[in-house]
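# Observations on the three-dimensional arrangement
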Amino acid sequence: MCTGLRFTDDQGNLYFGRNLDVGQDYGEGVIITPRNYPLPYKFLDDTKTKKAVIGMGIVVDGYPSYFDCFNEDGLGIAGLNFPHFAKFSDGPIDGKINLASYEIMLWVTQNFTKVSDVKDALKNVNLVNEAINSSFEVAPLHWIISDKDEAIIVEVSKQYGMKVFEDKLGVLTNSPDFNWHLTNLGNYTGLDPHDASAQSWNGQKVAPWGVGTGSLGLPGDSIPADRFVKAAYLNVNYPTVKGEKANVAKFFNILKSVAMIKGSVVNNQGNDEYTVYSACYSAATKTYYCNFENDFELKTYKLDDETMNADKLITY
């Protein structure tokens, strides 16, 4: 389970990131893939990276397998769990751009600078049910892709095939599908950040007891539907702040409000599901901020001339 988030500040600068909520430790860390790094594909010709990329993930046989990543031009993508719904193609299709589903992260960040161009290209993409190697299963994911101007959700499901949605809310969680989450928001149109006012019920004064009464009914549990509602509500109502420090704090405040605390959720395998890390990328400064469940110190990593032109993967 996971929560993705994005917004722009008063200057139009993008902040984009996510919580990773899982029931195990993958040994993840921050990875910088420099320019001119070998980039193999399952069905396309192998190539080399054209744009430097930073994000969180694991390295598999020299391949940077990202959970979320961002290129030097400010385009980002995050993959979130989409169980029971994700259904990728059984094999390549002639005339299509055939990608193993795990390859979409680097394909997007290597070939595009704007979401609008990604949307056009996706019309000819076929995502194939192919794992990175025999030690891994295919992850049932959907993706949020963002630049400073817009965000989209990409889902490939059993029922609809590939669908691309505009994400004006800047939020994504997990199953059901994105359109369901948008419909579900209609159950919460009575929420208001302002306190409720006193009323008269047949002459009896009925008054709220304290602050927060306008948000009575705002979900607080960990299911995807309720994390979606809460993150969307906070994202739209959080006041505008100025400067990178304040906007990064805003970002983590929202993410922490929907974090899954260890011990609160135990999955069917008997493992704790919890927020392993939270991350935010600032496109303006090319800075990746993150902290972890067992280390709340905010860590920072940057794309700069040295890291973007390194001669190997940089891992932290």
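Definitions and cut-offs
Residues numbered from 1 in each chain as written. Predicted model: local features only at pLDDT ≥ 70, side-chain atom pairs only at ≥ 80, totals over all residues. Heavy atoms only, no water. Phe/Tyr/Trp six-rings, centres within 6.5 Å; stacked < 30°, edge-to-face > 60°. Helix = DSSP H or I, 4+ residues; strand = E, 2+ residues; numbered from the N terminus. Buried < 20%, exposed > 50% of the residue type's maximum accessible area, 1.4 Å probe, protein only. Lys NZ or Arg CZ within 6 Å of the ring centre and 35° of its normal. Contact = heavy atoms within 4.5 Å. Polar contact = N/O pair within 3.5 Å; in protein donor to acceptor, adjacent residues only side chain to side chain. UniProt positions renumbered as here; feature names shortened; annotations may be inferred. Pairing = 2+ DSSP bridges. Axes fitted to C-alpha atoms, helices over the stretch in contact; angles between N-to-C directions. Salt bridge = Lys/Arg side-chain N within 4 Å of Asp/Glu carboxyl O.

## Points about the packing of aromatic side chains
- According to the stated counting rule, one finds 15 aromatic pairs in the structure shown.
- Ring geometry for F16 and F70: centres 5.4 Å apart, planes at 90°, overall edge-to-face. Of this pair, F16 sits in strand β2 (residues 14-22) while F70 sits in strand β7 (residues 63-71), and the two are 54 residues apart along the sequence. Accessibility assignment for this pair places F16 and F70 in one class, buried.
- Aromatic pair F82 and F85: ring centres 5.5 Å apart, planes at 25°, arrangement stacked.
- Note on F82: relative accessible area 0%, which makes it buried.
- Through a chain of ring-to-ring contacts, the aromatic side chains of F7, Y15, F251 and F252 assemble into a single cluster.
- In this structure, K250 packs its charged tip against the face of F7, placed 4.4 Å from the ring centre.
- In this structure, K256 packs its charged tip against the face of F296, placed 4.5 Å from the ring centre.

## Description of the environment of Q110
- Positionally, Q110 belongs in helix α1 (residues 104-111).
- C-alpha of Q110 to C-alpha of G186: the two residues are 76 residues apart in sequence and 37 Å apart in space.
- When sequence neighbours within four positions are dropped, the list of residues in contact with Q110 reads L39, T49, K50, K51 and V53.
- A distance of 2.6 Å separates a polar side-chain atom of Q110 from the backbone nitrogen of K50.

## What to know about the UniProt feature "domain: Choloylglycine hydrolase/NAAA C-terminal" (unreviewed entry) in the chain
- When the UniProt feature table is mapped onto this chain, "domain: Choloylglycine hydrolase/NAAA C-terminal" (unreviewed entry) is found at residues 2-316.
- A helix fraction of 17% and a strand fraction of 34% characterise residues 2-316, whose end C-alpha atoms lie 22 Å from each other.

## Notes on the pairing of strand β17 (residues 274-282)
- Here β17 lies mainly inside the structure; 9 of its 9 residues are buried.
- Of the pairings in the sheet, the one linking β2 to β17 comprises 8 bridges and is antiparallel in character. Paired with V22 across the two strands is Y274, which belongs to β17.
- Pairing of β17 with strand β18 (residues 287-292) involves 6 bridges; the strand directions are antiparallel. In the sheet register, Y277 faces β18, and the bridge partner there is F292.

## What about the sheet that holds strand β1 (residues 2-8)?
- Read across the sheet, 6 strands follow the order β14-β1-β2-β17-β18-β19 without closing on themselves; strand pairing throughout is antiparallel. Of all strands in the sheet, those with a lone pairing partner are β14 (171-172) and β19 (295-302), marking the two edges.
- Lying over the sheet, helix α4 (residues 224-237) contacts β1, β2 and β14, oriented at roughly 15° with respect to β1.

## Brief notes about the sheet that holds strand β12 (residues 151-157)
- An order of β13-β12-β11-β8-β7-β6-β3-β20 is seen for the 8 strands of this open sheet, with the pairing classed as antiparallel. Strands at the two margins of the open sheet, each flanked by one partner only, are β13 (161-166) and β20 (314-315).
- Where strand β8 (residues 76-81) meets strand β11 (residues 141-146), 6 bridges bridge the pair, whose relative direction is antiparallel. Bridged to L80 within β11 is H142.
- Along the sheet face, α1 touches β6 (53-60), β7, β8 and β11 and points at about 45° away from the line of β7.
- Its contacts with the sheet put helix α2 (residues 115-122) on β11, β12 and β13, and the angle it makes with β12 is roughly 20°.

## A word on the pattern of salt bridges
- The full count for this structure, using the stated rule, is 11 salt bridges.
- Between R35 and E72 there is a salt bridge, with the nearest N and O atoms lying 2.8 Å from each other. Of this pair, R35 sits in the loop between β3 (29-33) and β4 (38-39) while E72 sits in the loop between β7 and β8, placing them 37 residues apart in sequence.
- Taking relative accessible area as the criterion, R35 reaches 23% and is therefore assigned partly exposed.
- Salt bridges here are not isolated pairs; linked through shared partners, they connect D295, E297 and K299.

## A few points about unusual backbone geometry
- Cis geometry marks the peptide bond from S175 to P176, where omega comes out at 5°.
- Relative to the assigned elements, P176 resides in the loop between β14 and α3 (178-184).
- Positive phi, close to 65°, is recorded for N36, a residue that is not glycine.
- Relative to the helices and strands, N36 is located in the loop between β3 and β4.
- Positive phi, close to 75°, is recorded for H84, a residue that is not glycine.
- Its location among the elements puts H84 in the loop between β8 and β9 (97-100).
- H84 gets classed as exposed once you look at its relative accessible area, which sits at 71%.

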